[in-house]
Amino acid sequence: MSYIEKNLMDGEQIVYEARQHWIIYWLPALLLVVAVAQFAFPLDLLLQACIALALAAIAGIWALNIYGGRKYILTTKRLILKRGIVKRESLDLILRRCEGVSIKQSIIGRILDYGTVVVSTGEVANSFERILNPVKFSSQINQQIAQQARV
């Protein structure tokens, strides 16, 4: 049972789980390409292997840091952001208090279908960055907000 499932309120159900787009890993992936490409230059094979392993380790740690155990969960009552692998940080937005949802997408974001979903709760705006299929995530949030307004 996950952290989110353990901490659901009575009668609360998970409606949608948004994921981050693979584009968040482009820099670590580029570092891996450099690690492989350096074998094209004539150097000592042992030195090249050490460099490749070091670059691969850096890329792996970098990717893990970028991912950071992030979960974006929409339930019937809340919008939850959980991040952290070793230490945990959690943000809960009560849907009844949410006032608006907006999407920010660049041209590349529209082509690759990722963007930032901004949920406003009064004076505060919470951003969920590089979300895969932000239009669907936004419409799911709006649908749950509308259902909360009817209750």
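For the structure, check the block above.
Before going into details, it helps to say that this report is about the structure given with it. (Residues numbered from 1 in each chain as written. Predicted model: local features only at pLDDT ≥ 70, side-chain atom pairs only at ≥ 80, totals over all residues. Heavy atoms only, no water.)

Some thoughts on a nonpolar patch on the surface
We count it as follows: Each patch is assembled from residues with relative accessible area greater than 30% and no salt bridge, linking like charges that lie within 9 Å and nonpolar side chains (Val, Leu, Ile, Met, Phe, Trp, Tyr) that lie within 5 Å. Residue exposure ignores everything except the shown protein chains as possible cover, and the areas themselves are Shrake-Rupley values with a 1.4 Å probe. Throughout this description, the term salt bridge denotes a Lys or Arg side-chain nitrogen within 4 Å of a carboxyl oxygen of Asp or Glu. Each helix is a run of DSSP H or I of at least 4 residues and each strand a run of E of at least 2, with the numbering of both proceeding from the N terminus.
The grouping of Trp26, Leu27, Leu30, Val33, Val34, Ile58 and Trp62 at the surface amounts to a nonpolar patch, some 640 Å² of accessible area in total. When residues of the nonpolar patch are traced back to their parent elements, those giving at least two are α2 (26-37) and α3 (45-67). Considering each element in turn, the nonpolar patch owes the most residues, 5 residues, to α2. Topologically, Leu30 is positioned in helix α2.

Comments concerning helix α5 (residues 134-150)
Basically, it comes down to this: Every helix has an expected span of 1.5 Å times one less than the residues it contains. A simple rule labels every residue: compare its accessible area, found with a 1.4 Å probe on the protein chains alone, to the largest value its type can have, and call it buried under 20%, exposed over 50%, or partly exposed in between. The directions considered for the arc are those from the helix axis to the C-beta atoms. We call two residues in contact when some of their heavy atoms are within 4.5 Å.
Under the 1.5 Å per step criterion, the end-to-end length of α5 is 24 Å for 17 residues, consistent within 8% with the ideal 24 Å. Within the span of α5, buried status applies to Pro134, Phe137, Ser138, Gln140, Ile141, Gln144, Ile145 and Gln148. The arc that holds the buried residues of α5, viewed along the axis, is 160 degrees, so those residues lie on one side. The inward-facing, buried residues of α5 contact β1 (14-18), β2 (71-75), β3 (78-83), β5 (100-104), β6 (114-121) and β7 (124-132).

Digging into the pattern of salt bridges
For the structure shown, the criterion picks out 4 salt bridges. Between Lys71 and Glu17 there is a salt bridge, with its nearest N and O atoms 3.6 Å apart. Remark: Glu17 occurs in strand β1 and Lys71 occurs in strand β2; sequence separation between them is 54 residues. We classify Lys71 as partly exposed; its relative accessible area is 31%. With a relative accessible area of 41%, Glu17 lands in the partly exposed category. Several salt bridges share partner residues, and in doing so they unite Glu12, Arg78 and Asp92 into one network.

Here's the deal with the packing of α2 against α3
Rules: Note on geometry: axes are lines fitted to C-alpha atoms, helical ones only across the stretch in contact, with angles between N-to-C directions running from 0 to 180 degrees. Here is the rule for angles: anything less than 35 degrees is roughly parallel, anything more than 145 is roughly antiparallel, 65 through 115 is roughly perpendicular, and the remaining ranges are oblique. When residue character is reported, Ala, Val, Leu, Ile, Met, Phe, Trp, Tyr, Cys and Pro are called nonpolar, Asp, Glu, Lys and Arg charged, and the others, Gly included, polar.
In contact at an axis separation of 9 Å, α2 and α3 are set at 175 degrees when each is read in the N-to-C sense. Here α3 runs roughly antiparallel to α2, going by the angle between their axes. Of the residues in α3, those in contact with Leu27, Pro28, Leu31, Leu32, Val34 and Ala35 of α2 are Ala52, Leu55, Ala56, Ile58, Ala59, Trp62, Ala63 and Ile66. Residues belonging to the contact of α2 with α3 are distributed by class as follows: 14 nonpolar, no polar and no charged.

Quick look at the packing of aromatic side chains
Within a pair of aromatic rings, the relevant descriptors are the distance that separates the centres and the angle that separates the planes. Put simply, the rule is: Geometry of aromatic contacts follows a simple scheme: Phe, Tyr and Trp rings, the Trp one being its six-membered ring, pair when their centres are within 6.5 Å, and the pair is stacked under 30 degrees between planes, edge-to-face over 60, tilted otherwise.
Taken as a whole, this structure holds 3 aromatic pairs when the rule is applied. Seen in terms of ring centroids, Tyr72 and Phe128 are 5.6 Å apart; in terms of plane orientation they differ by 80 degrees. Their pairing is edge-to-face. Pair noted here: Tyr72 is in strand β2 and Phe128 is in strand β7, with a separation of 56 residues, a long-range link. Of the two residues, Tyr72 and Phe128, neither departs from the other in class, the shared state being buried. Seen in terms of ring centroids, Phe128 and Phe137 are 6.1 Å apart; in terms of plane orientation they differ by 90 degrees. Their pairing is edge-to-face. Classification of Phe128 by relative accessible area gives buried; the value is 1%. On the basis of relative accessible area, Phe137 is assigned to the buried category, the value being 0%.

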